[in-house]
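# Coordinate inspection notes
The lines below spell out each chain.
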Amino acid sequence: MANNMMNMQKMMKEAQKLQKQMTDAQSELAKKAFIAKDPSGMVKVTVNGEKKVQALSIAPEAIDPDDPEMLEDLIIAAMNGALDKVDQAAENQLGQFTKNIPGL
């Protein structure tokens, strides 16, 4: 019975250690900047690891008052590229914590 209690305490300590490492990794990821451009390079978006937009840059030649849809498409492409970079970094950095946990 005492052996089971010791094993449970050891598991709890390991879980707390793992939780702290994961929290630290999430904090580190949140501080990073992820930059992406649309394929033409006329729109650049910077987001942080929390997927919050930090900066948006639009080249003057991308602004055509007769074709606002083109600018919308460029912004969407740049945003999706930046968010994909965040997702990939999160998978690389945090995947180590979830790969052995069933259901995650």
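To start, this report covers the structure provided alongside it.

Conventions adopted
Residues numbered from 1 in each chain as written. Predicted model: local features only at pLDDT ≥ 70, side-chain atom pairs only at ≥ 80, totals over all residues. Heavy atoms only, no water. Helix = DSSP H or I, 4+ residues; strand = E, 2+ residues; numbered from the N terminus. Rg over C-alpha atoms; globule rule 2.2 N^0.38 Å. Buried < 20%, exposed > 50% of the residue type's maximum accessible area, 1.4 Å probe, protein only. Core = buried A, V, L, I, M, F, W, Y, C linked by side-chain atoms within 4.5 Å. Contact = heavy atoms within 4.5 Å. Pairing = 2+ DSSP bridges.

## Thoughts on the overall build of the protein chain
On a plain count of helices and strands, the protein chain comes out with two helices and three strands. Order of helices (α) and strands (β) in the protein chain, N terminus to C terminus: α-β-β-β-α. On C-alpha atoms alone, the protein chain measures out to a radius of gyration of 21 Å, which is more than a quarter above the 13 Å that the 2.2 N^0.38 rule sets for 104 residues. Dimensions of the protein chain along its principal axes, counting C-alpha atoms only, are 80 × 25 × 15 Å. Across the 104 residues in the protein chain, those meeting the buried criterion constitute 23%.

## Describing the nonpolar core
Grouped together as the largest cluster of nonpolar side chains are 18 residues, with contacts concentrated most on F34, V43, V45 and V47. Elements with a minimum of two residues in this core: α1 (2-31), β1 (33-37), β2 (43-48) and α2 (68-98). Broken down by element, the residue count for this core peaks at eight residues, all from α2. Here V47 is in contact with K32, A33, F34, K52, V53, Q54, M79, A82 and V86, once residues within four sequence places are set aside.

## Here we look at the pairing of β2
Of all the six residues making up β2, five are buried; the element is thus mostly covered by neighbouring parts of the structure. In this structure, β1 lies alongside β2, joined through five bridges in antiparallel fashion. Across the sheet, A33 pairs through a bridge with N48, a residue of β2. A loop of five residues connects β1 with β2, the two strands running antiparallel in sequence, and G41 in this loop sits at a positive phi of about 85°. Taking the residues between adjacent antiparallel strands as the criterion, β2 and strand β3 (residues 53-58) are bridged by four residues, where K51 takes a positive phi near 65°.

## Here's the deal with the side chain of N48
Here N48 is to be found in strand β2. The class of N48 is buried, set by a relative accessible area of 12%. Once residues within four sequence positions are removed from consideration, N48 is found in contact with A30, K32, F34, Q54 and V86.

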